[in-house]
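The chain contents come next:
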Amino acid sequence: MLAFCPGVQMSFQVFGLPVSRGVAIGRAVLVASSRVDVAHYFVDANAAAAEIDRLRTARDQVVSELTALKRDLPGDAPSELPALLDVHLMLLHDETMIAATKHWITERHYNAEWALSAQLEVLARQFDEMEDEYLRERKADLEQVVERLLRALARGTSAAPAATQPLGARDFAGEDPLVLVANDIAPADMLQFKRSVFTGFVTDVGGPTSHTAIVARSLDIPAVVGAREASRLIRQDDWVIIDGDNGAVIVNPSAIVLEEYRFRQRQSDLERARLSRLRHTPAVTLDGERVELLANIELPGDAAAALDAGAVGVGLFRTEFLFMNRDVHLPSEDEQFEAYRGAVEAMQGLPVTIRTVDVGADKPLERMSLSELRHEHTLNPALGLRAIRWSLSEPGMFRQQLRAILRASAFGKVRILIPMVAHLGEVRMVFDALARVKQQLGEAGRAYTDVDVGAMIEVPAAALMLPALLKHFDFVSIGTNDLIQYTLAIDRADDAVAHLYDPWHPAVLRLVADTIAQANRAGRPVSVCGEMAGDASFTELLVAMGLRSFSMHPAQIAAIKQKVLRADTRRLQAHMRDTLDSDDPQERWTLALQTLGSQRPSLAAFEADF
Ligand code: PEP
Ligand code: MG
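How each quantity is defined
- Sequence order as written defines the numbering, with residues in each chain counted from 1.
- Key to labels: chains lettered from A, ligands numbered from 1, both in the order written.
- Residue-level local features of this predicted model are given only where pLDDT is at least 70; pairs of side-chain atoms are given and counted only at 80 or more, and the full residue set underlies all totals for whole chains, interfaces and linings.
- Excluding hydrogens and water, the side-chain figures rest on all heavy atoms present in the structure.
- To define axes, lines are fitted to C-alpha atoms, for helices over the stretch in contact only, and angles between the resulting N-to-C directions are given on a 0 to 180 degree scale.
- A run of H or I in DSSP becomes a helix once it reaches four residues, and a run of E becomes a strand once it reaches two; helices and strands are each numbered from the N terminus.
- Crossing handedness is defined as follows: a turn of the near helix away from the far one that is anticlockwise and smaller than a right angle gives a left-handed crossing, while the clockwise case is right-handed.
- Only heavy atoms matter for contacts: two residues are in contact if any of them lie within 4.5 Å across the pair.
- Charged means Asp, Glu, Lys or Arg here, nonpolar means Ala, Val, Leu, Ile, Met, Phe, Trp, Tyr, Cys or Pro, and polar covers whatever is left, Gly included.
- For each residue, the test is whether any non-hydrogen atom lies within 4 Å of the molecule or strand; if one does, the residue is near.
- Side-chain atoms alone can form a polar contact between residues adjacent in sequence; in general such a contact is a pair of N or O atoms within 3.5 Å, and within protein one must be able to donate a hydrogen while the other accepts it.
- For the area figures, the Shrake-Rupley method with a 1.4 Å probe applies, and any residue is considered shielded solely by the protein chains shown.
- Distances define the donors: N, O and S atoms within 2.8 Å of the metal qualify, as do those within 3.2 Å of Na, K or Ca. Water is excluded, so some sites may look unfinished.
- The rule is simple: take the accessible area with a 1.4 Å probe, protein chains only, and divide by the maximum for that residue type; under 20% is buried, over 50% is exposed, in between is partly exposed.
- A pair of strands is considered paired only if DSSP assigns at least 2 bridges between the two.
- Assignment of crossover handedness uses the view with strands pointing away from the viewer, where a clockwise path from the first strand over the helix to the second indicates a right-handed crossover.
- Note on ring pairs: Phe, Tyr and Trp rings are taken, using the six-membered ring of Trp, and paired if centres are within 6.5 Å. Classes follow the plane angle, with under 30 degrees stacked, over 60 edge-to-face and the rest tilted.
- The rule is short: NZ of Lys or CZ of Arg within 6 Å of the ring centre and within 35 degrees of the ring normal puts a charge over the ring.
- Only residues above 30% relative accessible area that lack a salt bridge enter a patch, with like-charged residues linked at up to 9 Å and the nonpolar side chains Val, Leu, Ile, Met, Phe, Trp and Tyr linked at up to 5 Å.
- Should a side-chain nitrogen of Lys or Arg be within 4 Å of a carboxyl oxygen of Asp or Glu, the pair is scored as a salt bridge.
- When charges are counted, Lys and Arg contribute as positive and Asp and Glu as negative, whereas His and the chain ends are disregarded.
- All charge positions are set by atom: Lys at NZ, Arg at CZ, Asp at CG, Glu at CD.
- The definition of a nonpolar core used throughout is a set of buried Ala, Val, Leu, Ile, Met, Phe, Trp, Tyr and Cys residues joined through side-chain atoms within 4.5 Å.

*Asks:* Honestly, the packing of helix H1 (residues 48-71) against helix H6 (residues 138-155) in this entry has me stumped. Any pointers?
*Replies:* If you want to describe how two helices pack, look at the angle between their axes and the distance between the axes. Axis separation between H1 and H6 bottoms out at 9 Å; the angle between their running directions is 120°. Pair H1 / H6 crosses with right-handed handedness. Residue-level inspection shows Arg 54, Leu 55, Ala 58, Arg 59, Gln 61, Val 62, Glu 65, Leu 66 and Leu 69 of H1 in contact with H6, the latter providing Arg 148, Leu 149, Ala 152, Leu 153 and Arg 155. When the residues that make up the contact of H1 with H6 are grouped by side-chain class, the tally is 8 nonpolar, 1 polar and 5 charged.

What follows is the structure, given as C-alpha cells:
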C-alpha cells in the first residue's frame, strides 16, 4: 500500500506517447542527463561507506587539481580566473552539498556518480528559481565542478562488483514502488532494467518504435515517451501515475484519481491472468488456419519468458544487445557462441532466428571501438552505416558473428536473419562471407548445420525487389518499424514527427501486403517481426493478407492469440482488397470488422473452449 499524502504536493499532468500498456504508480526516480557518461546502479547498504570513500577521494583529487591550477596560473591569465577557481573550490567544500550527496548514497542506495548527478539536478532547479542573475549564473560553476568530480570518479577505482547491482536489480521489498523519469534512456541502459524494480518509465523524448520504447514494451511495464518536459517538471520522490494506455503522466495525484487508477490496475491484472490461460492453446483460426506465434528477444535469458508465454520459437533475436554496455572489447566469437547456444538450448528444439548485429541509428555502441570515427561524423545515422552495412564494413567482426551462430546451430534449430538488406551487392557479400566461414569451420573440424538464411524486409527497396531477393534467401521477415520509417521518411525515434509515423498509411500496407503475397506465391516462409505483429489492431488484417507467422514481445503473444482464435480468414479476406484500395484503410477496416462482428462467436462463448 502506498504511503501517499494527498494535497501536500502540487498535482499536474504531462502527456506523451503511450508505448507500453498498463498503469504504473510509484515514486519518481530521476535519472539526470549529464555531459559525462554516468553509470547508474544501486549499492548494497554495507557498501555505502566504500562508495562515500570513492566520493571523498574524487573530491580530494579535484581539490588538488584546482589548487595546483590556481598556483600555476601564468602571470598574463585573465584576472577573473583565480576568483572563478575559488568559487569552484568553495563549492567542493560546501558541507550541505556533501551531506546531501551522501544522503542519496545511504538512503536511496545510489552509486556515487548517480548520487552526484541527482544532487546536481536538485541544486540546478534551486539556482534556476533564484531572482539574482549573478547567483543564477553560478549554476554553470556547479555543473563544471560536478563534471570534474564525475571524471575523477571515472578515473578512480569503481566500487567492488559484489557490492553493486545494475540499476533496477536491488530488492526494494517493503519500500515504495519506483518509476523512472529521464530525458532519454538509451536502449543499452534500458537493457539494464531487465531485472527491474521500476514499475514504469517516462522519458522526455523518443518515438513509438524507438528502440527504447521497444525494450520498455519487452519489459511489459507501462511506459510513456516523448513527454517533453517531464524530467524537468517532475521532482525526485514525487508520486507519479503512468498511464501507458493513454500516454498520460499524472504527478502527485489527488486521492480520488489515485483510487480510479488503482481500480484500473486491478482490472488489467485480471485481464492478463485471463489471457495467460491461452498459453498452451495452439493458434488456429476459426476456419482451421494454423498461425505461428514467435517471440522477439534481446538476450538469451529472455528465451525462458518466450517459452512461458507459449511462443513456438524465436522469430527475432536482436543480437546487438550483446554488444552494448561493454567497455572496450566487443564480444569474442566464443562469448557470442555461448550466448547463441544458451538461447538455442533454452528453446528446447524450437527454432531460433538469430539476426546479425543491427547497430547504428538509435542503437549506438557506447564505444564504437572499430568504427569510432566513422560513426561520430554520421549526419543522418538512420540512413548511415547501420545494420548489414556496418557488418559488411567490419568483415572480420561479421565473419566472427557468423561463425558463432553456425557453431550454435549444432545445438538446435537455428536460422540467420540479415537486417536492412537493400542491394544485391550486399546479398553477394553476405553469402560470400558465409561460404568462407563454413569452409573455415569445416577445416577446423567444428560442427555446424546448414542453416536457412533470411532477409529482413525493412527498406522499401527490398520490398519492391522481393523476387530478386527470394532467389537467394530461404525466408523473409518484415521489419515494419523500419519499413514505416523509410517509406514515410519519419525518424522512428523522433517525437516531433511521431504523429506522422503511421502504420495504417496506404503505402505501408501495400508494401506489407505485396511482400506477404509474393513470398506466399513463391512458397517461401514470411513473417512480420516489427511492432505491428504484436499490435492486436492489425492481427486480423495481417491474417487476411495471408500472414501465418508473427513475431513479437512474449508479453503480447496471448492477446494476439486471442485475436487469431476468433478470426475467420475467408470472411476477413473478402474485405482486404477494399481496405488496401481505400484512402483511409483504418476506417475501412474498422467498418469491415464491425460488419463481421455480429457473425463472430462472442468472447464469452469462446472462453468456454480455453
Ligand atoms: C523492424 O525494423 O521492424 C525490426 C524488427 O527491427 P528493429 O526494430 O530492431 O530495427
Ligand atoms: Mg529494423
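Continuing now.
*Asks:* Any chance you could explain the site of ligand 1 here in plain terms?
*Replies:* Neighbouring ligand 1 are 17 residues, the closest being Arg 318, Arg 355, Gly 479, Asn 481 and Arg 492. Separating an oxygen atom of ligand 1 from a side-chain N or O atom of Arg 318 is a distance of 2.7 Å. In the complex, the protein chains occlude 100% of the 290 Å² of accessible area that ligand 1 would expose alone. Elements with a minimum of two residues in the shell around ligand 1: helix H8 (211-219), strand E12 (314-318) and helix H19 (480-488). If you tally residues by element for the shell around ligand 1, the top one is H19, at 3 residues. Classifying every residue of the shell around ligand 1 gives 4 nonpolar, 5 polar and 8 charged.

*Asks:* I tried to follow the coordination of the magnesium ion (ligand 2) on my own but got confused; where do I start?
*Replies:* As a benchmark, a tetrahedral metal site with four donors has ideal angles of 109.5 degrees, while an octahedral site with six donors has ideal angles of 90 or 180 degrees. Binding of the magnesium ion (ligand 2) to the protein goes through Glu 458 (OE) and Asp 482 (OD), at separations of 2.0 to 2.1 Å. Placement of Glu 458 in the loop between strand E15 (452-457) and helix H17 (460-464) and of Asp 482 in helix H19 is noted, with a sequence separation of 24 residues between them. Classification of Asp 482 as buried rests on a relative accessible area of 2%.

*Asks:* It is not clear to me how the pairing of E12 should be interpreted in this structure. Could you clarify?
*Replies:* The side chains of a regular strand alternate between the sheet's two faces. A large share of E12 lies buried, amounting to 5 of its 5 residues. Examined bridge by bridge, strand E11 (residues 292-297) and E12 share 3 bridges and lie parallel to one another. Bridging from a neighbouring strand, Asn 296 pairs with Leu 316 of E12. With helix H11 (residues 303-308) bridging E11 and its parallel neighbour E12, the resulting β-α-β unit is right-handed.

*Asks:* How do you make sense of the packing of aromatic side chains when you look at a structure like this?
*Replies:* The description of two aromatic rings rests on the distance between their centres and on the angle between their planes. A complete count under the given rule lists 8 aromatic pairs for this structure. Between Phe 42 and Trp 114, the ring centres sit 5.2 Å apart and the planes meet at 50°, which makes this aromatic pair tilted. You can see Phe 42 sitting in strand E4 (residues 41-43) and its partner Trp 114 sitting in helix H4 (residues 112-128), a full 72 residues away along the chain. One cation-aromatic arrangement involves Arg 341 over Phe 411; the distance from NZ or CZ to the ring centre is 5.0 Å.

*Asks:* For this particular structure, what's the right way to read a negative patch on the surface?
*Replies:* Together, Glu 131, Asp 132, Glu 133 and Glu 137 make up a negatively charged patch on the protein surface. Relative to the helices and strands, Glu 137 is located in the loop between helix H5 (133-136) and H6. Overall, the relative accessible area of 43% leaves Glu 137 in the partly exposed class.

*Asks:* Got a minute to help me understand the sheet that holds strand E6 (residues 178-182) in this structure?
*Replies:* Strand order in this open sheet of 8 strands is E1-E10-E9-E3-E6-E7-E8-E2, and the pairing throughout is mixed. Each having just a single partner strand, strand E1 (12-15) and strand E2 (17-20) make up the two edges of the open sheet. Along the sheet, successive strands turn relative to each other by an average axial angle of 30°, direction set aside. Pairing analysis gives 5 bridges linking E6 to strand E7 (residues 198-203), with the strands arranged parallel.

*Asks:* Is there a simple way to think about the nonpolar core in this case?
*Replies:* In a soluble, globular protein the nonpolar side chains are often hidden away together inside. Membership of the largest hydrophobic core comes to 150 residues, with the highest contact counts inside it found for Phe 201, Phe 317, Tyr 340, Leu 542, Met 545 and Phe 550. Here the element with the most residues in this core is H4; it accounts for 8 residues. Filtering out sequence-adjacent residues up to four positions away, Leu 542 remains in contact with Val 512, Ile 516, Val 528, Met 532, Ala 533, Leu 547 and Phe 550. Listed in part, the 16 residues of the second largest apolar core include Phe 12, Leu 30, Val 224 and Val 240.

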